[in-house]
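# Coordinate analysis (summary)
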Amino acid sequence: MTRRTLLFSAAALGMGTLAACSTGQTASRARTGTGPASGGGGSFGAGDYNTQEVADELGYIQENVRPLPSKDTRRVLVAGSTGGLGQLTAAHLLARGHRVVAHARNEQRAADVRRDLPGLEAVVTGDLKDLGETRRLAARINDLGAFDVIVHNAGDYGVGNEEILNVNSPSPYLLTSLVDPPRQSVYLTSDLHLGGDLKLGELREGGTDVTYGDSKLQILTFAMAVARRRPGPRVNAVAPGWVPTMMGFANGPYAPDDLRAGYQTQVWLAEGTE
Ligand SMILES: NC(=O)c1ccc[n+]([C@@H]2O[C@H](COP(=O)([O-])OP(=O)(O)OC[C@H]3O[C@@H](n4cnc5c(N)ncnc54)[C@H](OP(=O)(O)O)[C@@H]3O)[C@@H](O)[C@H]2O)c1
């Protein structure tokens, strides 16, 4: 599998935007959304809501990542941090000593992530497939006060079109519009946006004939629009490659790209050390 990374620097585009996009496909996902961290699955939900690869990486982070000096730490919200890349991003930032708020679709998944990632400042809940829920989630986030960084990581694939659309595109749009702007926003996209169509007509008319690739093109375009309309905060879009999370493995246990590289860009952007 060839791998290509595109970096659109803020200066080059004049939009305050950096997008790191990698080639590779994204497989569909299949999960329960309610499993325990250990019990039915292994530790960190291996075999339930995480692959063994993600669970092993969470163990690696716990054992090897050390905190930064407190003056360098930030307050970060990771949307969709109960599994996969979002959980790895949250875990790494937590181990570095940042104040991390996780987000879960429901109370069961909130309990799972509290158990998996001790030390979280808080967990907010809200199912992003329901736009009313997303609006209420935005209010809950605002109740917690300002964030330095929000990582819009939650994503769906291999479910119905309406769910893919709502989770991947209108929900991060609503959260961006309704939540007090952070100093840094990061949006998770996919190289599959390259085959996507913006489907603006569908969006305007409330249609749901939108594929995963369409939704990721929408969110990449939205990230660029946010960067243009809000010149103060930094805005980035990241395509993590095809990596072995539940989403990456849902069409079979094969994903050619590097799992660690799939979340380290988000950590690097959140820390904003360069
Ligand atoms: N893995 C890849 O190869 C790949 C490639 C390109 C782009 N991406 C993008 O990277 C991001 C992370 O994907 P991943 O591979 O880490 O997938 P994942 O392991 O399936 O994790 C997805 C996360 O999003 C959450 N989520 C999904 N639907 C939700 C909903 N309705 N409400 C609230 N939360 C919801 C999940 O919650 P639950 O744990 O409760 O399901 C989970 O925390 C996504 O935006 C994805 O599109 C992934």
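## Focus on the overall build of the chain
Helix and strand counts for the chain come out as 11 helices and 8 strands. Restricting the contact set of the chain to residue pairs at least 6 apart, pairs at least 24 apart contribute 65%.

## A short note on the site of the ligand
Around the ligand there are 33 residues in total, and Gly 80, Gly 84, Gly 155, Thr 245 and Met 247 lie nearest to it. Of the residues in the shell around the ligand, the class split is 13 nonpolar, 13 polar and 7 charged.

## Here we look at the environment of Ile 164
Following the sequence through the fold, Ile 164 ends up in helix α6 (residues 161–168). Residues Ile 164 and Ser 215, spaced 51 residues apart in sequence, show a C-alpha to C-alpha distance of 7.4 Å. Excluding anything up to four places from it in sequence, Ile 164 contacts Asp 156, Tyr 157, Val 159, Val 210, Tyr 212 and Ser 215.

## Here we look at α6
Restricting attention to buried positions, one finds in α6 the residues Ile 164, Leu 165, Asn 166, Val 167 and Asn 168. Against α5 (131–143), α7 (170–178) and α9 (212–229) lie the buried residues of α6.

## Observations regarding α9
Taking 1.5 Å as the rise per residue, α9 with 18 residues should run 26 Å; its terminal C-alpha atoms sit 25 Å apart, in good agreement. Those residues of α9 that fall on the buried side of the exposure criterion are Tyr 212, Asp 214, Ser 215, Lys 216, Leu 217, Gln 218, Ile 219, Leu 220, Phe 222, Ala 223, Val 226 and Ala 227.

## Quick notes on unusual backbone geometry
Although it is not a glycine, Phe 44 sits at a positive phi angle of roughly 55°. Secondary-structure assignment places Phe 44 in the loop between β2 (17–21) and α2 (52–64).

## Points about the environment of Gly 45
Along the chain, the position of Gly 45 falls in the loop between β2 and α2. Judged by C-beta crowding, with 31 C-beta atoms within 10 Å, Gly 45 ranks as buried. Sequence separation between Gly 45 and Asp 112 is 67 residues; the distance between their C-alpha atoms is 8.3 Å.

## A short note on the environment of Asp 143
As for its position among the elements, Asp 143 is in helix α5. With 36 residues separating them in the primary sequence, Asp 143 and Val 179 have C-alpha atoms 9.7 Å apart.

## Points about the packing of α6 against α9
At a minimum axis distance of 9 Å, the contact between α6 and α9 shows a crossing angle of 20°. Compared by their axis directions, α6 and α9 come out roughly parallel. For the crossing formed where α6 meets α9, the hand is right-handed. Judged by residue contacts, Ile 164, Leu 165 and Asn 168 of α6 engage Tyr 212, Ser 215, Lys 216 and Ile 219 from α9. Taken together, the residues that form the contact of α6 with α9 break down as 4 nonpolar, 2 polar and 1 charged.

Conventions adopted
- Residues numbered from 1 in each chain as written.
- Predicted model: local features only at pLDDT ≥ 70, side-chain atom pairs only at ≥ 80, totals over all residues.
- Helix = DSSP H or I, 4+ residues; strand = E, 2+ residues; numbered from the N terminus.
- Contact = placed C-beta atoms within 7 Å.
- Near = placed C-beta within 6 Å.
- Nonpolar A, V, L, I, M, F, W, Y, C, P; charged D, E, K, R; others polar.
- Buried ≥ 20, exposed ≤ 12 C-beta atoms within 10 Å, placed from the backbone.
- Expected span 1.5 Å × (residues − 1).
- Axes fitted to C-alpha atoms, helices over the stretch in contact; angles between N-to-C directions.
- Parallel < 35°, antiparallel > 145°, perpendicular 65-115°, else oblique.
- Left-handed = near helix turned anticlockwise from the far one by under 90°.

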